[in-house]
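Coordinates in review
The primary structure of each chain is shown beneath.
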Amino acid sequence: MLPLLRKAKRMSCLLSQTLLPCSAANSVCNFKPTHSLIAPHHLLLPRLLGLRPKIEFWGSVRGMATKMDSIQQNPEAISYLNQKEAAEIDEILMGPLGFSVDQLMELAGLSVAAAIAEVYRPSEDSRVLTICGPGNNGGDGLVAARHLYHFGYKPFICYPKRTAKPLYDGLVTQLESLSVPFLSLEDLPKDLSDSFDILVDAMFGFSFHGSPRPPFDDLIQRLVALKINGDTHQKSPAIISIDIPSGWHVEEGDLSGEGIKPDMLVSLTAPKLCAKRFSGLHHFLGGRFVPPSIRNKFNLQLPAYPGTSMCVRIGKPPKIDISSLRENYISPALLEEEVVADPFDQFQKWFDDAMAAGLKEPNAMALSTTGKDGKPSSRIVLLKGFDKDGFVWYTNYEGRKGQQIAENPHAALLFYWDDLNRQVRIEGPVQKVSDEESEQYFHSRPRGSQIGAIVSQQSTVIPGRHVLLDEYKQLEAKYSDGSVIPKPKYWGGYRLKPELFEFWQGQKSRLHDRLCYIPETVDGKTAWRIERLAP
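Throughout, residues of each chain are indexed from 1 in the direction in which the sequence is written. Totals for whole chains, interfaces and linings use every residue, but because this is a predicted model, local features are given only for residues with pLDDT of at least 70 and side-chain atom pairs only at 80 or more, for both listing and counting. The side-chain quantities take in all heavy atoms of the structure and omit both hydrogens and water.

Looking at an unreviewed UniProt entry, one finds the chain named NAD(P)H-hydrate epimerase, with Solanum stoloniferum as its source organism. UniProt positions are given in the numbering used here, feature names are shortened, and annotations may be inferred rather than shown by experiment. You can read under Sequence similarities (unreviewed entry) in the UniProt record for the chain the words "Belongs to the NnrE/AIBP family." Heading Subunit (unreviewed entry) of the UniProt record for the chain holds this comment: "Homodimer."

Here it is in structure tokens:
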């Protein structure tokens with residue numbers, strides 16, 4: 001699952017950078033971007049234009065909503081385990097189902113690291129102290145620290161009661177090979193707030209019972225004291241507990257009311273009963289390894305894991321003050337003497353970087369158009385080719401974007417590559433590509449997409465989704481013999497010929513780099529002038 005703030009970004013709108021260029025084409029270089037937020041829908045900008053807002057929501061559906069959706073949002077619908085059930089599940093996993101202790105520990109530690117990365121970013125909360133107990137929960141913490149190192153964090157380990165078992169020796173060796181510091185009790189600073197951003201409580205798991213003994217009783221109290229005295233510090237470290245907060249009763253929770261109060265709880269396999277009393281901001285479930293046989297035997301109701309993620313949030317994300325969302329970008333400087341003279345070549349260079357970074361759909365771009373009424377609209381489309389002649393995409397000519405382009409053949413494109421802190425704005429006139437080019441691309445598409453282009457009378461009002469599905473099935477049957485599917489006359493490509501490029505690189509303190517390429521004629525030849533714009 002994408003990180004929380006990144007997910008919030010992608011569900012927001014392209015207000016400043018995709019709408020304003022369309023309505024303010026004469027002041028392109030004076031346009032000042034804020035956080036660019038890509039989303040698969042477009043919004044009009046009513047306050048600036050004095051219009052009533054029209055909002056369109058667009059979703060790519062890969063599966064129908066299931067019971068898992070309600071389970072994920074409602075913690076009460078999730079199964080919680082008592083201590084006996086948790087122990088029995090572990091015995092089954094390591095018995096008939098063939099899991100080894102180190103396999104389960106690896107999966108658990110990876111889940112914990114993934115959950116931490118969902119909420120806390122290494123650029124802001126990098127210093128992580130993992131306090132490890134003598135048992136398996138401590139092993140989970142060691143594995144989590146190793147993964148956090150590879151995620152870009154700076155882990156530290158406090159492991160006061162080491163065991164001589166080879167499994168744990170191996171984990172220690174792995175961390176030492178990465179030069180992860182091991183801190184003794186004497187090495188720990190008196191005030192943990194001064195030295196760490198995140199504290200991982202990996203002392204005791206669900207199998208522990210009784211009262212914590214030295215030195216863990218003191219360590220627990222130091223974590224407790226952080227929340228009691230947190231108001232005396234500018235920022236108190238976040239406390240993350242693995243499976244159960246150390247010192248809590250597995251089923252009854254914090255009996256004394258004076259125990260650890262973690263900011264995040266990462267339950268493993270399934271939440272334990274004490275998790276019902278967890279009141280922190282972030283509750284995640286980790287350990288994506290529970291097979292159907294165990295789900296059925298214990299009648300477990302668990303949320304679905306998104307995509308390839310090893311963790312899933314339980315309950316709704318905490319409410320966030322949108323005005324407080326910000327990120328201090330850390331990027332190499334974008335300097336005039338280091339960029340390519342030709343903006344097409346510079347775009348190719350950055351596009352190659354986005355591909356190499358493994359970004360999802362790096363060819364996704366916001367297309368902003370404006371009709372004769374001056375009302376702008378934006379949406380995400382996919383770039384399908386570019387060269388020195390321009391940037392090409394394909395669509396229905398009779399949809400809203402096609403109508404606006406027919407009335408005003410000028411548009412703006414915006415690429416936003418979040419993980420690289422980069423965006424590229426491109427503006428210029430638009431014209432249709434040749435019928436031959438559209439025909440060739442149409443038949444290169446999957447047959448399902450070809451049929452979909454025929455079915456969709458884009459932007460027209462329809463009574464329901466069933467209309468699309470019914471017509472799709474009819475056409476699918478019609479062309480089931482493999483015959484050529486004719487391209488609709490109303491479907492084809494557009495090409496935008498750039499008259500302006502802007503390359504944006506996010507930097508610290510909002511002092512972003514913005515290099516603008518503007519064409520000019522020199523000795524009868526077109527060249528590109530590079531100007532730096534204030535952020």
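1. Side note on the packing of helix α14 (residues 447-455) against helix α15 (residues 465-478)
Axes are the key here: two packed helices are described by the angle between their axes and the distance separating the axes. At a minimum axis distance of 10 Å, the contact between α14 and α15 shows a crossing angle of 125°. As summarised for this structure, α14 and α15 are arranged oblique, according to the angle between their axes. The hand of the α14/α15 crossing is right-handed. Contacts between α14 and α15 involve Gly448, Ile451, Gly452, Ile454 and Val455 from the first element and Leu468, Glu471, Tyr472, Leu475 and Glu476 from the second. Think of it as three bins: nonpolar holds Ala, Val, Leu, Ile, Met, Phe, Trp, Tyr, Cys and Pro, charged holds Asp, Glu, Lys and Arg, and polar takes everything else, Gly as well. Its residues placed into classes, the contact of α14 with α15 shows six nonpolar, two polar and two charged. Each axis is a line fitted through C-alpha atoms, taken for helices only over the stretch in contact, and angles between the N-to-C directions span 0 to 180 degrees. Labels follow the DSSP assignment, with helices taken as runs of H or I lasting at least four residues and strands as runs of E lasting at least two, numbered in each case from the N terminus. Here is the rule for angles: anything less than 35 degrees is roughly parallel, anything more than 145 is roughly antiparallel, 65 through 115 is roughly perpendicular, and the remaining ranges are oblique. Handedness of a helix crossing follows the sense of rotation of the near helix relative to the far helix, less than a right angle counterclockwise being left-handed and clockwise being right-handed. Only heavy atoms enter the contact rule, under which two residues are in contact if any of them lie within 4.5 Å.

2. Comments concerning the nonpolar core
Buried residues of nine kinds, namely Ala, Val, Leu, Ile, Met, Phe, Trp, Tyr and Cys, make up a nonpolar core once their side-chain atoms join them within 4.5 Å. Exposure classes here rest on a 1.4 Å probe applied to the protein chains alone. A residue is buried below 20% of its type maximum, exposed above 50%, and partly exposed in between. Phe347, Phe391, Trp393, Phe415, Trp417 and Ile426 are the most contacted members of the largest nonpolar core, which has 30 residues in total. Listed by contribution, the elements that provide at least two residues to this core are α11 (343-356), β10 (364-370), β13 (390-396), β14 (410-417), β15 (422-432), β16 (491-496), β17 (500-505) and β18 (513-522). Ranked by residues supplied to this core, first place goes to α11 with five residues. Setting aside anything within four residues of it in sequence, one finds Phe415 in contact with Phe347, Pro362, Asn363, Ala364, Met365, Leu383, Phe391, Arg422, Gln423, Val424 and Ile426. One finds Leu93, Ile244, Trp248 and Phe289 within the second-largest nonpolar core, a separate group that totals 27 residues.

3. Let's talk about the side chain of Lys401
For Lys401, the position within the fold is in helix α12 (residues 400-407). Owing to a relative accessible area of 9%, Lys401 belongs among the buried residues under this scheme. Looking at Lys401, its side chain comes within polar contact range of the side chain of Gln458, at 3.0 Å. Contact partners of Lys401, with chain neighbours within four places excluded, come to Leu367, Thr369, Arg379, Val381, Thr395 and Gln458. Distance and chemistry together define a polar contact, namely a pair of N or O atoms within 3.5 Å, with one atom able to donate a hydrogen and the other to accept it when in protein, and with adjacent residues in sequence counting only for side-chain atoms on both sides.

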